[in-house]
There are 2 protein chains.
Amino acid sequence: MPFSPDDIAAIQTPAVVIDLDIANENILRFQQYASSHSLRVRPHIKTHKLPALAELQIAAGAIGITCQKISEAEAMAAGSSAIKDILITYNIVGSEKLQHLKALARRVKLTVVADSATVVDGLAAAFRTEAEPLTVMVECDTGANRCGVPTAEAATALALRIHSTPGLVFGGLMTYPPIGATAAVEAFMTEGKRRIEALGIEVPVITSGGTPSMMHAADASVTTEYRPGTYVYNDRSLVARGDCGWENCALSVLATVVSVPTENRAVIDAGSKLLTSDLLGLTGYGHVLGRDDIVIDQLSEEHGRLVSTGPIGLSVGDVVQIVPNHACVVTNMVDTVFVVGNGLRSVEAWPVAARGKIV
Amino acid sequence: MPFSPDDIAAIQTPAVVIDLDIANENILRFQQYASSHSLRVRPHIKTHKLPALAELQIAAGAIGITCQKISEAEAMAAGSSAIKDILITYNIVGSEKLQHLKALARRVKLTVVADSATVVDGLAAAFRTEAEPLTVMVECDTGANRCGVPTAEAATALALRIHSTPGLVFGGLMTYPPIGATAAVEAFMTEGKRRIEALGIEVPVITSGGTPSMMHAADASVTTEYRPGTYVYNDRSLVARGDCGWENCALSVLATVVSVPTENRAVIDAGSKLLTSDLLGLTGYGHVLGRDDIVIDQLSEEHGRLVSTGPIGLSVGDVVQIVPNHACVVTNMVDTVFVVGNGLRSVEAWPVAARGKIV
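In this convention, every chain numbers its residues from 1, walking through the sequence in written order. Labels follow written order: the first chain is A, the first ligand is 1, and so on. The predicted origin of the model limits local features to residues at a pLDDT of at least 70 and limits the giving and counting of side-chain atom pairs to 80 or more, whereas totals for whole chains, interfaces and linings rest on all residues.

Caption draft 1: Representation of the overall build of chain A. Numbered from the N terminus, helices here are DSSP runs of H or I no shorter than four residues, and strands are runs of E no shorter than two. Assigned secondary structure in chain A consists of ten helices and 17 strands. Expected size for 359 residues packed as a compact globule is a radius of gyration near 21 Å; at 22 Å, chain A falls within 12% of this value. Partitioning the contacts of chain A with sequence separation of at least 6, the portion at a separation of at least 24 is 67%. Only C-alpha atoms enter the radius of gyration, while the globule expectation follows 2.2 Å times N to the 0.38, with N the number of residues. Placing a C-beta atom from the backbone of each residue, one calls two residues in contact when those atoms lie within 7 Å.

Following this line, the structure appears as structure tokens:
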């Protein structure tokens, strides 16, 4: 990686560091796959929360971005004039959020989703008096058992409701499937598209997402658009799945050893307030690069405990580099990330514009 | 609780809300116990990260505060002139952090800890040229297997090193014990005190901490000071242990139902970016007040999934109030908390001054 010893010495730990060259490679790899299969790419920015990274994704060919919350979308739109097309894959509920949605829709091409008549009716009430209608997709549950209508029949009924409602335009079908559910996506979406088109309603977009399944996205041939998030950075969960290697991980955490109380144990200055408690089914809270023998077996808020079956071989003051289990949640813990690569002459501190945007 | 329906309607969800009346009761309850046992109280502010809450704790009788990181201590000191005495229970390592430590020590009465000669020597190098010496305690491992010297003998050797070093003053012994380890604290600290005093060195303070064991703090009679953190808010982990009831929980999360896809499932707009993945040994990610039948069985970043064995009985737009598993980490996720009680005429939004202070 292009971090020099001087770069690392200049960074106060604990810190999140981003290698833009690796991120760029990750962006281009998926864009190439998607383009060769006529899939449009709409990255989910929850992973980086950085307007400048979204600009790299758009420059590579992405048609726009995906956000999860209205405040997140506002922060991204405010951060870059290149961000002109935003899909918020969330049910927007409540009058104040709808006011924000109206304001944002006047600034960018905006699409939202809905999975119930209640959500559709709220959107309609807000947009009835707007000059431009709001594009609304139907969220479909293809097995994740989170949000989404459960059947193609239900998707069709909601599509018809959107289509028939002044102030709204039906935008297509959206799903966030479980890992490996490409066949379920294909079946649900094909049936939904058939039924909706049978009513004389166009289905302009069918969008799916998720990094782990992205290199099989085109197997669901009905899909027109894909929304990967984590792919820009990758993380330990994806390495563990065999989806990438450590050399493809663009985000890592620098931490300093602050205590070596026993021969087999060291404590670092990064705890759950940086690495987070997300396990994603793994053992331990991250991977110490170059040290396969070490397990980060316990986190408290400001301490990470490293244990090894052999001598830990670390001293107070040593800096370790860790690939976290889950990149997206780590980005959300810091106001600033430290960035190298992409022609930057030295390490730069970038504010994480959309951090903490939960509303 | 004193939140009115109007208050709640004015708060955009998801949000962290704080009931200051409950927090005050929690503060006074432990202060009374501690005072009646001649224990000084030095609350850990990691739970609230709010200068105004520290002021309430100091007004109730606390002698100062505890912080974990130098940037956290700086934010608290900057936030209130009532904060004049800070213990940082952390090994401070690295030249830039030591510069910050020197600057802070000129503003407040500052104490830090060390558990190795390397840390002591770093502190000494920084403070050798200062007008006032730095007070340094020895961190002792009484069973938590995190930081700390492992034996009373090792504590004595390090105390002697601090005592003998220009620029430093030995401040006593500090431990963060595992839950229920009062006897281990008593044994370790009594032996350490005996050995250090045998060298003619005074042991002015013996400080322990942790909310779950706090009402037995005085059972370790050698302890002179106690550092509870979570007690100010309480949380689901403490209710589950029988240490308090829901009515003693001052921090809760307001969330809006955004989807009810099946009869037994609802999805709220609070996910791991607010409730966090901290389980603390519990099942589920928080308790929905008034709904013992509901389990928050899955979080993604912006979604929380609520399931019930019976009908979930919630509609899109309903607001639920959740006591999280772990209050301290939830505070760290938000820029602002919404506060009522303590004579405030209406809900107020308070910035979380020490949020995200990991350096």
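Resuming the write-up.
Caption draft 2: Focus on the interface of chain B and chain A. Residue-level contacts link 46 residues of chain B with 47 residues of chain A. For the side of chain B that touches chain A, the elements supplying multiple residues, two or more each, are strand S4 (85-91), helix H6 (117-127), strand S10 (251-262) and helix H10 (327-331) of chain B. Looking at which element gives the most residues to the side of chain B that touches chain A, the answer is S10(B), with four residues. Here the side of chain B that touches chain A is composed, by residue class, of 17 nonpolar, 17 polar and twelve charged. Lys, Arg, Asp and Glu make up the charged group, whereas Ala, Val, Leu, Ile, Met, Phe, Trp, Tyr, Cys and Pro make up the nonpolar group; the residues left over, Gly among them, are polar.

Caption draft 3: Fine view of the relation of the copies chain B and chain A. Structural alignment of chain B on chain A gives an RMSD of 0.0 Å, achieved by rotating through 180° and translating 0.0 Å along the axis. Interpreted geometrically, this transformation is the action of a two-fold axis. The rotation axis passes nearest to the C-alpha of B:Ser277 in chain B, at a distance of 2.7 Å. Interface overlap between copies: 100% of the residues of chain B at the interface are likewise at the interface in chain A, consistent with a symmetric, same-surface contact. Fitting of the copies onto one another was done by least squares over C-alpha atoms, counting residues only where both copies have pLDDT of at least 70.

Caption draft 4: Quick peek at the sheet that holds strand S7 (residues 168-175) of chain B. Residues and elements named next belong to chain B. The strand order across the open sheet formed by eight strands is S2-S9-S8-S7-S6-S5-S4-S3, and the pairing between neighbours is parallel. Whereas interior strands pair on both sides, the edge strands pair on one side only; in this sheet they are strand S2 (40-41) and strand S3 (65-67). With five bridges joining them, S4 and strand S5 (residues 109-114) adopt parallel strand pairing. Pairing of Asp85 across the sheet is with Lys109, part of S5. Pairing between two strands is assigned when DSSP locates at least 2 bridges connecting them.

Caption draft 5: Quick peek at the pairing of strand S1 (residues 15-19) of chain A. All names here are of chain A. In terms of residue burial, S1 counts as a mostly covered element, since five of its five residues are buried. Note that S1 and strand S10 (residues 251-262) share four bridges and pair antiparallel. Note that in S10 the partner of Ala15 across the bridge is Leu254. Counting other C-beta atoms within 10 Å of a residue's C-beta gives its exposure: the residue is buried at 20 or more, exposed at 12 or fewer, and partly exposed in between, where C-beta atoms are placed from the backbone.

Caption draft 6: Local environment of unusual backbone geometry. All names here are of chain A. Going from Thr13 to Pro14, the amide bond is cis rather than trans, its omega being -5°. Here Pro14 is to be found in the loop between helix H1 (5-10) and S1. Although it is not a glycine, Leu280 adopts a positive phi angle of roughly 50°. Mapped onto the elements of the fold, Leu280 is located in the loop between strand S11 (265-268) and strand S12 (287-288).

Caption draft 7: Highlighting the domain arrangement of chain A. Residue and element names in this part refer to chain A. Segmentation of chain A into domains returns domain 1 (5-16 + 236-351) and domain 2 (37-232). Domain 1 puts nine residues into the contact, and the matching count from domain 2 is eleven residues. Here the element with the most residues in the side of domain 1 that touches domain 2 is helix H10 (residues 327-331); it accounts for three residues. For the side of domain 1 that touches domain 2, a count of residues per class yields five nonpolar, two polar and two charged. Just so you know, the domain bounds were taken from an automatic or database domain assignment.

Caption draft 8: Geometry of helix H4 (residues 70-79) of chain B. In terms of residue burial, H4(B) counts as a mostly covered element, since seven of its ten residues are buried. Within H4(B) the residues assigned to the buried category are B:Ile70, B:Glu72, B:Ala73, B:Glu74, B:Ala75, B:Met76 and B:Ala77.

Caption draft 9: Representation of the nonpolar core within the structure. In this structure, A:Met76, A:Leu123, A:Val136, B:Met76, B:Leu123, B:Val136 and B:Val138 are the most contacted members of the largest nonpolar core, which totals 235 residues. Beyond its immediate sequence surroundings of up to four residues, A:Leu123 is in contact with A:Ile92, A:Val112, A:Ala114, A:Leu134, A:Val136 and A:Leu168. We define the nonpolar core as any set of buried residues of the types Ala, Val, Leu, Ile, Met, Phe, Trp, Tyr and Cys, connected via C-beta atoms lying within 7 Å of each other.

Caption draft 10: Structural context of the packing of helix H2 (residues 20-36) of chain B against helix H3 (residues 51-60) of chain B. All names here are of chain B. To define axes, lines are fitted to C-alpha atoms, for helices over the stretch in contact only, and angles between the resulting N-to-C directions are given on a 0 to 180 degree scale. Packing of H2 against H3 leaves a shortest axis separation of 10 Å and a crossing angle of 35°. For H2 against H3, the interelement crossing comes out right-handed. Within the contact between the two elements, H2 uses Ala23, Asn24, Ile27, Leu28 and Gln31 and H3 uses Leu53, Leu56, Gln57 and Ala60. The residue inventory of the contact of H2 with H3, partitioned by class, reads six nonpolar, three polar and no charged. The hand of a helix crossing depends on one turn: near helix anticlockwise from the far one by less than a right angle means left-handed, and clockwise means right-handed.

Caption draft 11: Examining the sheet that holds strand S2 (residues 40-41) of chain A more closely. Residues and elements named next belong to chain A. Within the open sheet, the eight strands sit side by side as S2-S9-S8-S7-S6-S5-S4-S3. Their pairing is parallel. One side of each edge strand has no neighbouring strand; the edge strands of this open sheet are S2 and strand S3 (65-67). When strand S7 (residues 168-175) meets strand S8 (residues 205-209), the two strands line up parallel, connected through three bridges. What sits directly across from Gly172, in S8, is Val205.

Caption draft 12: The arrangement of the environment of B:Leu98 in detail. Residue and element names in this part refer to chain B. For Leu98, the location among the structural elements is in helix H5 (residues 95-105). Residue classification places Leu98 among the partly exposed residues on the basis of 18 C-beta atoms within 10 Å. Each residue touching Leu98, except ones within four places of it in the same chain, is listed here: Ile92, Gly122 and Ala126.

Caption draft 13: Region of the structure containing the packing of helix H5 (residues 95-105) of chain A against helix H6 (residues 117-127) of chain A. Residues and elements named next belong to chain A. Where H5 meets H6, the closest approach of the two axes is 10 Å, and the angle between their N-to-C directions is 55°. One finds that H5 runs oblique with respect to H6. Read as a crossing pair, H5 and H6 show a hand that is right-handed. Across from Leu98, Leu101 and Lys102 in H5, the residues of H6 making contact are Gly122, Ala126 and Phe127. Its residues assigned to classes, the contact of H5 with H6 comprises four nonpolar, one polar and one charged. Orientation is classified from the angle alone, with under 35 degrees giving roughly parallel, over 145 giving roughly antiparallel, 65 to 115 giving roughly perpendicular, and any other angle giving oblique.

Caption draft 14: A look at the confidence of the model for chain A. Each residue carries a pLDDT score, the predictor's confidence in it, ranging from 0 to 100. Chain-level statistics for chain A give a pLDDT mean of 97 and a share of 99% at 70 or above. Interface confidence for the predicted complex, given as ipTM, is 0.97, next to a pTM of 0.97.

Caption draft 15: The arrangement of H3(B) in detail. Residue and element names in this part refer to chain B. Buried residues of H3: Pro51, Leu53, Ala54, Leu56, Gln57 and Ile58, and no others. In this structure, the buried residues of H3 make contact with H2, S3 and H4. One or two positions beyond H3, positive phi appears at Gly61, with a value near 135°.

Caption draft 16: Just the environment of A:Val323, in detail. All names here are of chain A. Within the secondary structure, Val323 sits in strand S15 (residues 319-323). Judged by C-beta crowding, with 23 C-beta atoms within 10 Å, Val323 ranks as buried. In the structure, Val323 is positioned 258 residues away from Ile65 in sequence and 25 Å away in space, judged by C-alpha atoms. Apart from residues lying up to four places away in sequence, Val323 is in contact with Asp235, Arg236, Trp246, Cys249, Ser252, Gly286, His287 and Leu289.

Caption draft 17: Just the environment of A:Ile92, in detail. Residues and elements named next belong to chain A. Looking at where Ile92 falls in the secondary structure, it is placed in the loop between strand S4 (85-91) and H5. On the neighbour-count criterion, Ile92 (22 C-beta atoms within 10 Å) is buried. C-alpha separation for the pair Ile92 and Glu153, spaced 61 residues apart in sequence, amounts to 23 Å. The contacts of Ile92, once residues within four sequence positions are left out, are Ile70, Lys97, Leu98, Leu101, Val112 and Leu123.

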